[in-house]
Every structure is written in structure tokens, then in C-alpha cells.
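Results of the structural survey
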Amino acid sequence: MRDLAGQLTDVAGAAFGALGLEPGFGAMRRSDRPDLADFQCNGAMAAAKAARRNPREIADAVVAALRASDLVASAETAGPGFINVRLSARALNARVSETLEDPRAGAPDHATPRRVMIDFGGWNVAKPMHIGHLRSTIIGDSLQRLFRFMGETVVSDVHLGDWGLQMGLLIIETAREQPDLPYFDAAFSGPYPSVSPVTMEDLERLYPQASARAKEDETWRAAARTATAELQAGRPGYRALWRHFCEVTRIGLERECADLGVKFDLWKGESDAEPFIPELIDDLKRREIAVLDEGAWIVRVARESDTREVPPFLLVNRDGAVGYHATDLGTILDRRRSFNPDLTLYVVDQRQALHFEQVFRASEIAGYTPADRLEHIGFGTMNGRDGKPFKTREGGVLKLHDLIRQAREAARVRLQEAGIGEGMAESEIGLIADRVADAAIKFADLSNVRTTNYVFDLDRFLSFEGKTGPYLLYAAVRMKSLVRRAREDGVEPGPVDVRLEAERTLALSLDGFAEAVSSTALRRMPHILCDHAYQLAQAFSAFYAAAPILAEKDEVVRAGRLSLTLATLNQLERTLDLIGISTPERM
RNA sequence: GAUCCCGUAGCUCAACUGGAUAGAGCACUCGCCUUCUAAGCGAGUGGUUGCAGGUUCAAGUCCUGCCGGGAUCGCCA
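Residues numbered from 1 in each chain as written. Chains lettered and ligands numbered in written order. Predicted model: local features only at pLDDT ≥ 70, side-chain atom pairs only at ≥ 80, totals over all residues.

Not every one of the 82 residues close to RNA strand B is listed here, only the nearest: M45, G164, N317, G323 and G466. Among the elements that take part in the surface near RNA strand B, helix 16 (residues 469-489) stands out by supplying eight residues, more than any other. Within the surface near RNA strand B, the residues separate by chemical class into 38 nonpolar, 23 polar and 21 charged. (Near = placed C-beta within 6 Å. Helix = DSSP H or I, 4+ residues; strand = E, 2+ residues; numbered from the N terminus. Nonpolar A, V, L, I, M, F, W, Y, C, P; charged D, E, K, R; others polar.)

Turning our eyes to something else, we now look at the sheet that holds strand 6 (residues 153-157). Hydrogen bonds between backbone groups are what pair the strands of a sheet, and the pairing can be parallel or antiparallel. In space, the four strands of this open sheet follow the order 6-5-10-11, with parallel pairing throughout. Every interior strand has two partners, whereas the edge strands, strand 6 and strand 11 (374-379), have only one. Averaged over all pairs of adjacent strands, the angle between strand axes in this sheet comes to 20°, irrespective of strand direction. Relative to strand 10 (residues 343-349), strand 5 (residues 115-119) runs parallel, the two sharing four bridges. Bridge pairing in strand 10 places I118 opposite L345. Helix-sheet contacts for helix 12 (residues 353-366) involve strand 10 and strand 11, and the interaxial angle to strand 11 is about 180°. (Pairing = 2+ DSSP bridges. Axes fitted to C-alpha atoms, helices over the stretch in contact; angles between N-to-C directions. Contact = placed C-beta atoms within 7 Å.)

Under the domain assignment, chain A is made up of domain 1 (4-87) and domain 2 (400-578). Once you take the C-alpha centre of each, domain 1 and domain 2 turn out to be 34 Å apart. Between domain 1 and domain 2, the contact holds four residues from the first and four residues from the second. Within the side of domain 1 that touches domain 2, the residues separate by chemical class into two nonpolar, no polar and two charged. (Domains from an automatic or database assignment.)

What follows deals with unusual backbone geometry. With a phi close to 60°, E288 is a non-glycine residue in the positive phi region. Along the polypeptide, E288 turns up in the loop between helix 10 (277-286) and strand 7 (291-293). Of note in the backbone geometry, F464 takes a positive phi value of approximately 60° without being a glycine. Within the element layout of this structure, F464 appears in the loop between helix 15 (458-461) and helix 16.

One open sheet holds the four strands; their spatial order is 1-2-4-3, and the pairing between them is antiparallel. Two strands close off the open sheet at either side, each with one partner strand: strand 1 (28-30) and strand 3 (72-78). With direction set aside, neighbouring strand axes in the sheet form an average angle of 25°. Bridging between strand 2 (residues 39-41) and strand 4 (residues 82-87) involves three bridges; their strand directions are antiparallel. Bridge pairing in strand 4 places C41 opposite I83.

Moving on to the nonpolar core. V62, V85, A407, V436, A440 and L472 are the most contacted members of the largest nonpolar core, which has 141 residues in total. Both domains that furnish three or more residues to this core are identified here as domain 1 (4-87) and domain 2 (400-578). For V85, the contacting residues outside a window of four places in its chain are L8, M28, A37, D38, F39, L66, V72 and A75. (Core = buried A, V, L, I, M, F, W, Y, C linked by C-beta atoms within 7 Å. Buried ≥ 20, exposed ≤ 12 C-beta atoms within 10 Å, placed from the backbone.)

With 16 residues, helix 5 (residues 134-149) extends 22 Å from end C-alpha to end C-alpha; this agrees with the ideal 22 Å at 1.5 Å per step. For helix 5, the buried fraction is high: 14 of the 16 residues fall into the buried class. Backbone geometry just after helix 5 places G151 at a positive phi near 95°. (Expected span 1.5 Å × (residues − 1).)

Let us look at the environment of E57. Within the fold, E57 resides in helix 3 (residues 55-67). Take E57: there are 14 C-beta atoms within 10 Å of it, and that puts it in the partly exposed class. The spatial distance from the C-alpha of E57 to the C-alpha of A44 is 8.6 Å, given a sequence separation of 13 residues.

Okay, the pairing of strand 5 next. Burial of strand 5 is extensive: four of the five residues sit out of reach of the surface. Across five bridges, the pairing between strand 5 and strand 6 is parallel. Counted as the bridge partner of I118 is S156 from strand 6. Remark: the strand 5/helix 5/strand 6 crossover connection has right-handed handedness. (Right-handed = clockwise from strand over helix to strand, strands pointing away.)

Before going further, it helps to spend a moment on the packing of helix 11 (residues 324-338) against helix 12. In a packed pair of helices, the relevant descriptors are the angle between the two axes and the axis-to-axis distance. Their axes nearest at 10 Å, the elements helix 11 and helix 12 cross at an angle of 50°. Between helix 11 and helix 12, the crossing angle belongs to the class labelled oblique. With respect to the hand of their crossing, helix 11 and helix 12 are arranged in right-handed fashion. Contact with helix 11, carried on its side by H325, D328, L329 and I332, involves Q358, V359, A362 and S363 of helix 12 and no other residues of that element. For the contact of helix 11 with helix 12, the per-class residue count stands at four nonpolar, three polar and one charged. (Parallel < 35°, antiparallel > 145°, perpendicular 65-115°, else oblique. Left-handed = near helix turned anticlockwise from the far one by under 90°.)

Listed below in C-alpha cells is the structure:
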């Protein structure tokens, strides 16, 4: 069954149709004027403009149709042609009951499952795992949870940055610091040591060093390019060293992902495109899609209609090495054969928009995967309070692991202050603190509009008050507590009957889940789900304060309110799950 | 220089893609725990939506021009 907005839309749409107008004008949505209505429709004015008719007459006809529906308690035309509807209590009650019994908590079913590939292209072997990587991981995870919930067949790929010039830089920087290692001796025949000569910390130091040196020193840059080409050509020592880099990175990354509760189906990287590169190059050259220009093989992807200059797709650079243009296109080939996705989402920093535009165009030109099946899910960067990219007080980047640790510690302190841990096992206190901290981190990030930059403020992150993840957990935990007590006292849920304003508001809020889910999926914007979760929790908190539930004397009212609570808990936990947040039993 | 994005309450952000009186949180001021978890609830203060024009019944949202900030612009990812 559809949500109430959808049901009303059906009625209004049919009414528009009966007037010879587009049924699409009948779209009903929650009213911005709760004092006037539960739902509104603004289509009469747009329809009137299109058909050159009187908007109020159209609205009046639609209102008449709405009044005939048993969903509707009252309907009116207002102002230039707004249509205002107030729902009958019966409609609201029925919808709450339905939501309560629905394993999907009121979310719409999905008709035709698609194969969706999600590429988390944020992490990089050479670069430190700092908080800037939070976004691709958390946003991508939310999207994979949501798309699975919608019934899509999803494969997620961490897609590590482990190929290209940065690897050459790491190799020669390691060689500079530890020149005697066997990896650099071309005559060495192996076997190479099984223990990595560098640690995670080394890697985090080496790349910035090498990168800075390359900026100043042309010969150093040339050496890095040579090393890159040699690595890609298969020089055994470089390959062996490179495998250590990747392994060390992967172990660190697995730790971060375990902390964040994020799972990938595939742990592939740019280097996994390697087997497809020779074929890719050969194919594009043979069909003369790639052309030689300034010593490099490129694909021209600019179009007449472009308002800006679109640089060519770079297949092979003048050193004979490939960069991430080629590996991304190679990966498209790989995925087409292994999974054949209907849709591929690249959850990557907004600054790489041009890169993806180039790759998608090249894919389209080559006839591999049409550009409309490839989508860059860009996101904004995290800035400090000064509006510049976030730095710690010491001026360095804040490592993701340190952020998580700090947040968990702050949550622990907060628990202690509130005297909540008393009588609980140490393990449960730890679990609660971790959940609170993780919820704070994820909600703070996801509740921002995906595409815009946002200000990262550590104090706000750790405050746990107001519109935060912990607020949502708190609401859920209060519901769980009620449910536990109800079970202990043998109170059974019964038919819902919304009477109080707080009950109506909560019921309407529950109905908004369907719209939040489909809208988030359509726009790939998790902040919409965050808003829904917050609105729902807020509506519950107001209801909780305004209406006794288990303390209610009237048995029928008590049973109905318990049902409302159960439906809310079910949907709130479902919503939180979609944004990667899990709730403790108490806090 | 060109292209794109952003500019909304003191601060951090929304605003369902053109709708009614622009909403939340933080901060500040009041009130609410002998009754279901006060990490909470209720009320209040706070706005010329960067500026100036334009389009129309209606503009934070669309078009033009400025001002301010950011990103990107072939061999780094």
C-alpha cells in the first residue's frame, strides 16, 4: 500500500485527469502550513497556466474529488489556488497500523532490480588515512545499504588508489631512505623478504616527502616516472615492494572500516585493471579512437557544445606509463565482463568531476559502457572553522583513527558524568560509548548536503546534544525501554487512535518515510534520510513528553500508544540502519 | 584569464527542484524531573536569503550584471 501522500496524489491526479489536465499536477506533499493543512497540492496554478484556465476553478473541482475520498476529513481551496487537505483520523490510524506490520516499515517496494556497482574511490595507498576519507566511505556505505534495501543487486568495491605515479614516488623515496634493500637491485633474483620494510606510519610520511621533492626537482620527478613505468612493466623488485605497500595499507584500512562498520564486497584497486590495459590500448589504437599527441596516446573527448575546455582523455603518457584515466576505463571493461552493471556510482570527491567526465566520455566514444550508466557521486570537502581544508591545532591532518578514538573517549566521559554506567558491565559501557561516538560521526557527516563543502568542528562533533546522532539513539533507547517494560508488565499493543496533536504529528512523520527513502535513492542524497530520522525522533520526543504511554490509565489508549511507539521504533531503527548507525539497548 | 560551485539568524546548516508566514541545531532568556531515561520537552529573542536589476499570479530557488569565497583547467590521484 502506498503512503498517504501517494494515495492523495492518486485521488487528486485522477481529478486533474477528469478535467483534461495532466494527472502529474496532482502531486500532494506535506503542507508547509501545519496550521492550515496536513497536505497540500500546488498543481492547480501550474495547470491553469498551461491550459489558460482559472486556477481556482480547477482547484475547486479537485477539492470536490478529494472531499469524496474517505482519506480526507476536510479539503479547501486557498489563496490563488492552493489545495489544502486534512486527513481523517481513520486514514492516519490505518496507515500507522500498516507501517507497524510492514517489515519494510512503510518504505515502497522496488519493482525492477538493477545491478548497481558502487566504487569508493577515496582511499589511496600513498596518502594518510585522514578524516577527509570519511565522506566517501560513509556516503558510499549509506548508498549501498539503501540500494540493497530498495532491492537492487549491489556490488561495492573499495577501489584503492594503488597504481600510477604515486607508486613510483613511494618506491624511489623508499630507495632514498633504505638504499640497501634488495628491491632496488636489478640483479637480485629473490626471494624478497616477506616482512614489509615500511610501516603504515612510514607510508604516511614518505609520500608527502616524495611529492614535495618532486615539485621542486625535475630529475626527481623524472625518476619517479621511470620507476612507475618500470613497476607497471613488471620489474620484480618494484612489484615485490609495491605489494608490501598495498598490504600494509590494506591492514590499516580494514581497521578503519571495522571501526566504522563498513563492508566492501570487493577489495580491488586501480592495479586490478592492469590485465585489461594492453587490450584497452590496443583496441583504442586499432580503431583510431586514440591518437598520438606530444608523445602520449590520447582520446579527444571535447565537444562542440562544451562551454569549457575539456582536456583529452590520457590513455598512455609519454613515458609509456598509464595513469588513472586508463585504469578507470580498464576497470569499466573489467566490470562489464564480470558484473555488467546497469549503473555504476563513483563516490569520489567533487574535485574530480572533470576526471570522471573525461572517463565517461571516453567510455561512451569507445562503446564500452554508455555514459548514462556511469555516475559521479561527488561530495564536498571538509573544511576547518576558517573555511580552509581541515587541519589540527598543530597544523597537521587529523587521522581518521584519532577522530574515532577521541569521539569514543568523549562519549565515555559523557556516560560517566551522567552516571549512566553504574551497574552495567564494563563491556556494555564500552559498547554504548562506541555506538554513541560512531552515530555522532556518521550523522554529522551525512546530514550535510552531499555536494557542498562543510565545516568540521570537533567541539560540535563531541557535544552529543541537539541535532546529532546521539539524539537519535536516545530517542530509540527510550522506545526500547518502553517496549521492555511493556513486555514485563504484560501490556499488549492495540489499535491506534490518534487524538492528540503530538500523536497526529508523529503519525504523519511516520508516513514520510516512503518519500524520504525514494527521494534519497533518486537523488543519492543521504541527508534526506538524516532529516527524516531527526524529524521522526523529534516527533516522538514531543509525543513522549505530551502523552503518557505505559502510565496511561485507559487501557485502550495505552495499547494504541504502545503500537505507535512500536511502529516508530521499528522505522527509526530501519532509517538509522540505512545511514549506517546501530542503536544500543540502553544508554 | 576561462568554466563550474557556494554566499540564508551571532555560529553551523535545511528549505521536497518556482509556492502561502524562509525552517532546525548551537549560543542566549524563561519555564518543566516524588510519574515511562532531562543526551529530553515547551516558550521566547534573533532574517532586506551578498548587492542591483529582470522574468510572473508567485523568486532563497530561473535570467543578466556586479561583490566576496572555493574548486577545476593534458601527462599527480
